[in-house]
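Chain residues, written in single-letter form:
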Amino acid sequence: MDAGTAVASSEKPESSAAVSVPLAPAAMAKGEKARVTSGDKLMIKHPEPVFTKVPPQTLDQKLSVCSKLCFAIGGAPNQVAGSATAFFLQIYLLDIAQINPFQASMVLFVGKAWGAVTDPIVGFFITKSKWTKIGRLMPWMVGCTPFMVVSYFYLWFVPPFTNGRFIWYLGFYCLYQTLITCFHVPYSALTMFLSTDQRERDSATAYRMTVEVLGTLVGAAIQGQIVASAHTLKHCPHRNLTTGHLGNSSGTEIIRSLALSQDFLSHAKEVYMIAAGVIGGLFLVCTVVMFLGVKERDDPYAPKTDKAIPFHKGFILVMKHGSYLTLTAAFLFISVAIQLIQSNFVLFCTYAVELREHFQNIVLTILMSAAVSIPFWQWFLEKFGKKTAAFCGITWIMPFTVMLVFIPNLIVAYVVAVSSGLSVAASLLLPWSMLPDVVDDFRLANRNSKGHEAIFYSLYAFFTKFAAGISLGVSTLCLQFAGYDTGACRQPTPVVYTLKLLIGAAPVACITTGLMILVVYPISEDVRLRNKLALEELRSQSITCKSLRAELSSA
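Here we summarise the structure given alongside this text. (Residues numbered from 1 in each chain as written. Predicted model: local features only at pLDDT ≥ 70, side-chain atom pairs only at ≥ 80, totals over all residues. Heavy atoms only, no water.)

## Points about the overall build of the protein
Inference 1: Helix and strand counts for the protein come out as 19 helices and zero strands.
Inference 2: Within the protein, the fraction of its 555 residues that count as buried is 55%.
Inference 3: Counting contacts in the protein only where the partners sit at least 6 residues apart, residues at least 24 apart contribute 85% of the total.
Inference 4: Looking at the protein as shown, the accessible area adds up to about 23,800 Å², and 67% of this sits on carbon and sulfur atoms. (Helix = DSSP H or I, 4+ residues; strand = E, 2+ residues; numbered from the N terminus. Buried < 20%, exposed > 50% of the residue type's maximum accessible area, 1.4 Å probe, protein only. Contact = heavy atoms within 4.5 Å. Areas by Shrake-Rupley, 256 points an atom, 1.4 Å probe, with all protein chains shown as cover.)

## Examining the pattern of salt bridges
Inference 1: Counted according to the given criterion, the structure contains five salt bridges.
Inference 2: Notably, a salt bridge pairs Arg208 with Glu212, separated by 2.9 Å at the nearest N-O pair. Of the two residues, Arg208 and Glu212 are both situated in helix α8 (residues 198–227); the distance of four residues between them amounts to about one turn of the helix.
Inference 3: Here Arg443 ties to Asp440 by a salt bridge, and the two come within 3.5 Å at their closest N and O atoms. Separated by three residues within a single helix, Arg443 and Asp440 lie in helix α15 (residues 410–445), roughly one turn from each other. Of the two residues examined, Arg443 and Asp440, each falls in the buried class. (Salt bridge = Lys/Arg side-chain N within 4 Å of Asp/Glu carboxyl O.)

## Digging into unusual backbone geometry
Inference 1: Even without a glycine there, the phi angle at Gln98 is positive, about 60 degrees.
Inference 2: Mapping Gln98 onto the fold places it in the loop between α4 (65–96) and α5 (101–128).
Inference 3: On the basis of relative accessibility, which here comes to 42%, the residue Gln98 falls in the partly exposed class.

## Looking at helix α17 (residues 493–503)
Inference 1: Of the positions making up α17, those classed as buried are Val495, Val496, Thr498, Leu499, Leu502 and Ile503. All buried residues of α17 project into a common sector of 160 degrees when viewed along the axis, lining one side. Residues of α17 that are exposed and point over 90 degrees away from its buried face: Tyr497 and Leu501. (Arc of directions from axis to C-beta.)

## With respect to the side chain of Thr464
Inference 1: Residue position: Thr464 is located in helix α16 (residues 453–482).
Inference 2: A distance of 2.9 Å separates a polar side-chain atom of Thr464 from the backbone oxygen of Tyr460.
Inference 3: Those residues in contact with Thr464, other than ones at most four positions away along the chain, are Phe331, Leu332 and Ser335. (Polar contact = N/O pair within 3.5 Å; in protein donor to acceptor, adjacent residues only side chain to side chain.)

## Focus: the packing of aromatic side chains
Two descriptors summarise a pair of aromatic rings, namely the distance from one centre to the other and the angle between the planes of the rings.
Inference 1: One pass over the full model with this rule turns up 30 aromatic pairs.
Inference 2: With a centroid separation of 5.9 Å and an interplanar angle of 50 degrees, the aromatic rings of Phe157 and Trp168 are classed as tilted. Of this pair, Phe157 sits in the loop between α6 (138–155) and α7 (165–189) while Trp168 sits in helix α7, and the two are 11 residues apart along the sequence.
Inference 3: Through pairs of rings, three or more aromatic residues link up here, namely Tyr92, Tyr152, Trp156, Tyr169, Tyr176, Tyr272 and Phe283.
Inference 4: Over the ring of Trp432 we find Arg208, and its NZ or CZ is 4.7 Å from the ring centre. (Phe/Tyr/Trp six-rings, centres within 6.5 Å; stacked < 30°, edge-to-face > 60°. Lys NZ or Arg CZ within 6 Å of the ring centre and 35° of its normal.)

## So, the environment of Phe380
Inference 1: As for its position among the elements, Phe380 is in helix α12 (residues 359–384).
Inference 2: What makes Phe380 buried here is its relative accessible area of 12%.
Inference 3: Separated by 10 residues in the primary sequence, Phe380 and Ala390 place their C-alpha atoms 10.0 Å from one another.
Inference 4: What Phe380 contacts, discounting residues up to four positions off in sequence, is Gly385, Thr388, Ala389 and Cys392.

## Quick word on the packing of helix α14 (residues 397–406) against α15
Inference 1: Between α14 and α15, whose axes approach to 9 Å, the crossing angle comes to 155 degrees. The angle between α14 and α15 falls in the class roughly antiparallel. As for the relative orientation of α14 and α15, their crossing is left-handed in sense. Residues Ile397, Phe400, Thr401, Met403 and Leu404 of α14 touch α15, and the partners they reach there are Val412, Ala413, Val416, Ser419, Ser420 and Ser423. (Axes fitted to C-alpha atoms, helices over the stretch in contact; angles between N-to-C directions. Parallel < 35°, antiparallel > 145°, perpendicular 65-115°, else oblique. Left-handed = near helix turned anticlockwise from the far one by under 90°.)

## Description of the packing of α6 against α7
Inference 1: Interaxial distance between α6 and α7 falls to 9 Å at its minimum, and their mutual angle equals 155 degrees. What the angle tells us is that α6 and α7 run roughly antiparallel. Here α6 and α7 pass one another in a crossing that is left-handed. Counting all contacts with α6, which are made through Trp140, Met141, Cys144, Thr145, Phe147, Met148, Ser151, Tyr152, Tyr154 and Leu155, the residues of α7 involved are Trp168, Tyr169, Phe172, Tyr173, Leu175, Tyr176, Leu179, Ile180, Cys182, Phe183, Pro186 and Tyr187.
Inference 2: The residue inventory of the contact of α6 with α7, partitioned by class, reads 20 nonpolar, two polar and no charged. (Nonpolar A, V, L, I, M, F, W, Y, C, P; charged D, E, K, R; others polar.)

As C-alpha cells, this is what we get:
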C-alpha cells in the first residue's frame with residue numbers, strides 16, 4: 001500500500017465520524033436501519049460518540065524548544081563523565097594510581113561487564129515501577145543522582161594504601177556503573193514518553209545528541225585542561241626518560257629524580273580530584289534542570305490491560321524481534337571501535353606519536369567537530385534516510401585513523417581530528433534515532449504488549465557495554481603483554497606498535513563488521529513511514545474508544 005492510499009484510509013474514519021455522529025442517534029430513535037460503512041461501524045454501536053471532548057494535547061503532542069532543551073541537558077552529565085572516563089581512566093589507573101596493567105584491565109573489564117549486567121536488571125525493575133505524580137522513569141533519575149556523584153568522585157581519589165588499590169577502584173567503578181545505569185536506562189527510555197509523533201521524537205533525539213556531544217566536549221575540556229599538567233615530561237630527567245635508565249645515573253640524580261616524581265605525582269592526584277568535583281557538580285545541576293523542564297507522558301498506543309505481561313515474556317518477545325537484533329549487533333561492533341579509539345587515544349598521543357603536549361587540544365577538536373556536525377547528520381537522515389546516513393557517516397573515520405598511524409605529525413593529527421568528529425557524531429546520533437523506529441515496529445507486531453521500552457534500551461546498553469568492557473580489558477592486557485612500564489616517561493617499541501594497532505587496524509575491522517551487519521537492517525524509510533501511519537491509525541482508534549467509554553460512563 002502506497003503512502004497516499006495509507007493516508008486516505010487513516011483519514012477516512014475521521015471524516016465519516018464527522019457526518020455520522022449527529023445522524024446516528026436520530027436514525028436509531030426512529031428505528032431506521034442506517035447504512036453502515038467500514039469507517040463508521042464502530043460509531044453505530046454506541047449512541048453518542050463525541051470527539052470534541054478529546055483533549056487537544058492528546059491528539060497533538062508537540063514539544064516546545066524548552067522541553068527539548070531540558071530533556072537534552074538531562075543527558076549531558078552522563079556524557080561529561082563518560083568522556084572523562086573514556087579518555088582518561090585507563091591512563092589514570094596506570095600512571096597516577098599506579099596499579100599494574102593486568103589489574104587495570106580487570107577494573108575496566110569487570111566494571112563495564114557489571115554495568116552491562118545491571119542494565120537488564122534495572123530495566124526489569126523499571127517495568128515493575130508504578131506511575132507517580134512525576135512519572136514512572138523520573139524518580140529513578142532523580143533518586144540515584146546524589147549517590148552517583150559520590151561514587152564518581154571516589155573513583156578519581158587515590159587512597160593512602162597501596163595493597164588494596166585494585167579492590168578500591170574495582171568496587172567504586174562497579175558502584176558507579178550501577179548508579180549510572182539507574183540513570184541512563186530510564187533516561188534513554190524517556191524518549192518514547194515525550195511524544196507520540198516520530199518527528200518530534202527524532203527532533204528531541206537530535207537536541208539530545210547535540211547537547212550530549214557538547215557534554216562530551218565539556219567533559220574532555222574540563223578533564224583534559226585540568227589534568228594536562230599531570231602528563232607532561234617535566235618530572236622526567238632530560239637524559240634518562242625511563243625507569244630502566246636510572247641505573248646509569250649518579251646517586252644524587254636518582255634521589256632528585258625520585259623526589260621530583262613524588263611531588264609531581266601528588267600534584268597529579270590533586271588535579272584529578274578537582275576535575276572529578278567539577279564534573280560531579282554538573283551532574284546535580286543538569287538533573288535539576290531536566291526534572292523541572294520535562295513532562296513524562298504515558299504510552300497511548302497499547303490498550304489498557306489489568307494484567308501486565310511478565311518481564312521474561314517481554315524479554316523473549318524483544319529478543320525475537322529481528323530488526324532489534326540486527327541494529328544492536330551492528331552498532332555493537334561500531335561502538336567497540338569508537339571505544340577502542342577513545343580509551344587508547346591519550347596513550348597513543350603520549351607514547352606512540354610524541355603528541356603528549358597537544359593531546360587535550362586534539363581531543364577537543366574531535367569533539368567540537370562532532371558537536372557542529374550533529375545538525376548536519378539530522379538533516380542528512382531526514383533527507384536521505386537513517387540507514388544511508390549510518391553508512392556515509394561511520395565509514396568516514398576509517399581512512400583517517402589509519403592516516404594518523406602512518407603519518408604521525410601535528411598537522412595530520414588535527415585534520416584527522418576534524419574528520420573523525422563527523423563519524424563520532426553519526427555513531428552517537430544514529431543508534432538512538434533508530435531505536436524508537438524499532439520500538440514502533442515492535443508495537444505493531446505485538447499490539448497487546450506494552451511497557452517494554454526499558455527492555456529495549458537496557459538490553460541495547462547491556463550488549464554495547466559488555467562488548468566495550470571486553471575490548472577495554474583485552475586492549476589493556478595487550479599493553480601488558482607488550483611490556484607496558486607503569487610510570488615510565490617512555491614506553492618500549494612493542495607497546496608503541498600495540499597502540500598503533502589499537503587505534504588503526506582494530507577499529508577499522510570492527511566498523512567494517514558492523515556495517516556489513518547493518519546491510520540487512522529491515523526498517524527502510526518506506527517501512528518507517530508505513531509504521532508511522534499505522535500507529536497514527538491505532539492512536540486515533542484508541543482515542544475514539546476512550547471517548548466512547550467516557551460518554552457511556554457519564555450517561
